[in-house]
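# Geometric and topological summary
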Amino acid sequence: MERRRVGASVRTVVEFALLSGSLTPGSQLARMREGMLGHQARQQALPDAQAEVVVRGQVEGERALLEISGRIDALYERDGLPVVEEIKLAPVDAIPEAAVPVHRAQAVCYGYLLQAPEAIIRVMYVMRDGAEVIALEEPLSSGALGAAFFSYVTPYL
């Protein structure tokens, strides 16, 4: 049986798998703009990082071939390991104690698509001016990255 080719972004896949998302039409346009400004300011504050690094992969399902892609907000190296940084605007009401699951899931998928033996996954919450609020990070092996990646991709397929 021929598999149907399906293209999707990492964000679409993880939001589907986690049944969440923040894309409510017409809502919070000012907040989205603040997020964009914070994102850009953080990227500029990391002179040794690569910004908006495109990653891609293919996953064969029973009925479909998923072509998944996304962009790493900031990619740099620390102690010989790639650091995959997902930059998000900090919530206005409280400093998060843990990464929002969909934010972490995006970073994990990007880490997996890098195909490194290990990566540091980092969700950085920032203010509009790029000032750091909190960085939540964890080192993950390729096995842990793969297990998490497929836990998001399988429901989508």
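Residues numbered from 1 in each chain as written. Predicted model: local features only at pLDDT ≥ 70, side-chain atom pairs only at ≥ 80, totals over all residues. Heavy atoms only, no water.

### Overview of helix α1 (residues 10–17)
Those residues of α1 that fall on the buried side of the exposure criterion are V10, V13, V14 and E15. The secondary structure elements touched by the buried residues of α1 are β1 (4–9), β3 (64–78), α3 (101–114) and α4 (142–156). Count one or two residues on from α1 and you reach L19, which has phi positive near 50°. (Buried < 20%, exposed > 50% of the residue type's maximum accessible area, 1.4 Å probe, protein only. Helix = DSSP H or I, 4+ residues; strand = E, 2+ residues; numbered from the N terminus. Contact = heavy atoms within 4.5 Å.)

### A look at the packing of α1 against α3
Two elements in contact, α1 and α3, have axes separated by 9 Å at closest approach and are oriented at 130°. The orientation of α1 with respect to α3, classified from their angle, is oblique. Like other packed secondary-structure pairs, α1 and α3 cross with a definite hand, here right-handed. Counting all contacts with α1, which are made through V10, R11, V14 and E15, the residues of α3 involved are V102, A105, Q106, C109, Y110 and L113. Split by residue class, the contact of α1 with α3 holds seven nonpolar, one polar and two charged. (Axes fitted to C-alpha atoms, helices over the stretch in contact; angles between N-to-C directions. Parallel < 35°, antiparallel > 145°, perpendicular 65-115°, else oblique. Left-handed = near helix turned anticlockwise from the far one by under 90°. Nonpolar A, V, L, I, M, F, W, Y, C, P; charged D, E, K, R; others polar.)

### Concerning the nonpolar core
When a protein is soluble and globular, its nonpolar side chains tend to lie buried together. Membership of the largest hydrophobic core comes to 27 residues, with the highest contact counts inside it found for I68, I121 and Y152. Secondary structure elements with two or more residues in this core: α1, β2 (50–60), β3, α3, β5 (118–126) and α4. The dominant element in this core, judged by the number of residues it contributes, is α3, at seven residues. Discounting residues that sit within four places of it in the chain, I121 has contacts with V84, R104, A107, V108, G111, L136, E137, E138, L140 and L145. (Core = buried A, V, L, I, M, F, W, Y, C linked by side-chain atoms within 4.5 Å.)

### Considering α4
Between its first and last C-alpha atoms α4 spans 21 Å; for 15 residues at 1.5 Å apiece the expected length is 21 Å, and the two agree. Buried within α4 we find L145, G146, A148, F149, Y152 and V153. Against α1, β2, β3, α3, β5 and β6 (132–141) lie the buried residues of α4. (Expected span 1.5 Å × (residues − 1).)

### Concerning unusual backbone geometry
At E52, a position not held by glycine, the phi torsion is positive, near 55°. Take E52: it is sitting in strand β2. When its relative accessible area of 27% is taken as the criterion, E52 is described as partly exposed. Phi is positive for D79, which is not a glycine, with a value near 50°. When you line up the elements, D79 lands in the loop between β3 and β4 (81–89). Accessibility expressed as a relative area gives 75% for D79, which makes it exposed.

### A word on the confidence of the model for the chain
Mean pLDDT over the chain works out to 89, with 94% of the residues at or above the 70 mark. Within the chain, helix α2 (residues 29–44) has the poorest average pLDDT of any element, 80, and α3 the best, 96. (pLDDT = per-residue confidence, 0-100.)

### Let's talk about the pattern of salt bridges
Tallied over the entire structure, the rule returns 11 salt bridges. Across the pair E60 and R3 runs a salt bridge whose closest N-O atoms are separated by 3.2 Å. Placement of the pair is E60 in strand β2 and R3 in the segment before β1, with a sequence separation of 57 residues. Two residues, R42 and E132, come together in a salt bridge whose shortest N-O distance is 2.8 Å. On the criterion of sequence distance, the pair formed by R42 in helix α2 and E132 in strand β6 is long-range, its members being 90 residues apart. (Salt bridge = Lys/Arg side-chain N within 4 Å of Asp/Glu carboxyl O.)

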